[in-house]
Amino acid sequence: LVVVPLLPDRTYGPFDVLNPLQIGVLMVLISGLSFTGWVAIRLLGARRGLGVTGLVGGLVSSTAVTLSMGARARARPEIAESAALAVTLASTVMFARVLVIVSVVNPALRGHVALPMLAGVGAGIAASLWLWLRSGRATTREETVALSNPFELGAALKFALLFGVVLVGSKAATVLFGTAGTYAAGLLAGLGDVDAITLSVAKLAGEGGVPAHVAATTIFLGTAANTAVKGVMGAVIGGWNFGRRVLGAQLAVLAAGAVGAALAWM
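My aim in this report is to walk through the structure given alongside it, one point at a time. Bear in mind that the values here come from a model prediction, so they are computed numbers and not experimental data. (Residues numbered from 1 in each chain as written. Predicted model: local features only at pLDDT ≥ 70, side-chain atom pairs only at ≥ 80, totals over all residues. Heavy atoms only, no water.)

All right, on to the side chain of S200 then. Tracing the sequence through the fold places S200 in helix α6 (residues 194–206). The class for S200 is buried, based on a relative accessible area of 0%. Polar contacts involving the side chain of S200 include one to the main-chain carbonyl oxygen of I197, which spans 3.1 Å. Every residue in contact with S200, bar those within four places of it in the chain, is listed here: F163, V166, L167 and S170. (Helix = DSSP H or I, 4+ residues; strand = E, 2+ residues; numbered from the N terminus. Buried < 20%, exposed > 50% of the residue type's maximum accessible area, 1.4 Å probe, protein only. Polar contact = N/O pair within 3.5 Å; in protein donor to acceptor, adjacent residues only side chain to side chain. Contact = heavy atoms within 4.5 Å.)

Grouped together as the largest cluster of nonpolar side chains are 42 residues, with contacts concentrated most on L109, V113, M117, F163, L199 and I219. Elements that contribute at least two residues to this core include exactly α1 (20–57), α3 (80–105), α4 (110–135), α5 (153–190), α6, α7 (212–238) and α8 (240–265). Not counting residues within four places of it along the chain, the set of residues in contact with F163 comprises I23, L26, A196, L199, S200 and K203. (Core = buried A, V, L, I, M, F, W, Y, C linked by side-chain atoms within 4.5 Å.)

The next thing to look at is the packing of α3 against α7. At a minimum axis separation of 11 Å, α3 and α7 run at an interaxial angle of 160 degrees. In terms of orientation, α3 lies roughly antiparallel with respect to α7. Where α3 crosses over α7, the handedness of that crossing is right-handed. Facing α3, whose interface residues are S91, M94, F95, V98 and V102, α7 presents I219, T223, N226, T227 and K230. (Axes fitted to C-alpha atoms, helices over the stretch in contact; angles between N-to-C directions. Parallel < 35°, antiparallel > 145°, perpendicular 65-115°, else oblique. Left-handed = near helix turned anticlockwise from the far one by under 90°.)

Looking now at the environment of G238. Note that G238 resides in helix α7. Looking at G238, the relative accessible area reads 7%, which means it is buried. Spatially, the C-alpha atom of G238 lies 8.9 Å from that of P77, the residues being 161 residues apart in sequence.

This paragraph deals with the packing of α6 against α7. The N-to-C vectors of α6 and α7 enclose an angle of 175 degrees; their axes lie 9 Å apart at closest approach. When the interaxial angle is binned, α6 and α7 end up roughly antiparallel. Counting all contacts with α6, which are made through V194, I197, T198, V201 and A205, the residues of α7 involved are A215, T218, I219, G222, T223 and N226. Along the lines of polarity and charge, the residues of the contact of α6 with α7 split into 6 nonpolar, 5 polar and no charged. (Nonpolar A, V, L, I, M, F, W, Y, C, P; charged D, E, K, R; others polar.)

Here A84 is to be found in helix α3. What makes A84 buried here is its relative accessible area of 0%. In the structure, A84 is positioned 51 residues away from S135 in sequence and 9.6 Å away in space, judged by C-alpha atoms. Once residues lying within four places of it in the same chain are set aside, the contact partners of A84 are L131, F242, R245 and V246.

Dropping the structure here:
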């Protein structure tokens, strides 16, 4: 409320793509979306079990949910099925979250990303239902995810910095290496964070910096990289009993998203 209206509305920096006002507005958008999930975690997570924790945790960070659930599943193997359900739900919400972000930042790009994102959501729901049935509706009131308030100044500034770096990197990759460079930037950025690459590429597409189909494919590659990382992370941190469930669900989501991306290209 105080800082964002004071930011200059003009571009700076390498490749002339850093607009402080736009970065501030997008930072508020992501922080607000994450804050909704954080409040839901505080109000519902500790009382409603692992399923709800994963569902609302995906609004904040599906990676954080994976780390937390993996550690708990290793310590308590009996909740491996329910913990894997939480991770799968969080990943499913991530795909829906990406679609919402694109719709807000660049509505013209929504049609290009809708098919792979919705395919990922559909596969995630199916995998979640399968895990829920296998878990016998097992829940626990003690399990929750420790997440910091995303409206804290430090967290918001870290995201703004990350977004700026990814935005410049994406533009540089496009200018220097063409489409292949943009795709590589999406894969690399997606290993750590999906929001930054989604916002940066959607913004570049809206300004004519990259073609719409290249932007949509890059966003899918970012979500695919992030999904794959969570699958491997689950196996490493939570052990094979938990990891094979998470990995199987993530592979199903990846396969569905890839089919959706292929159909979108046609």
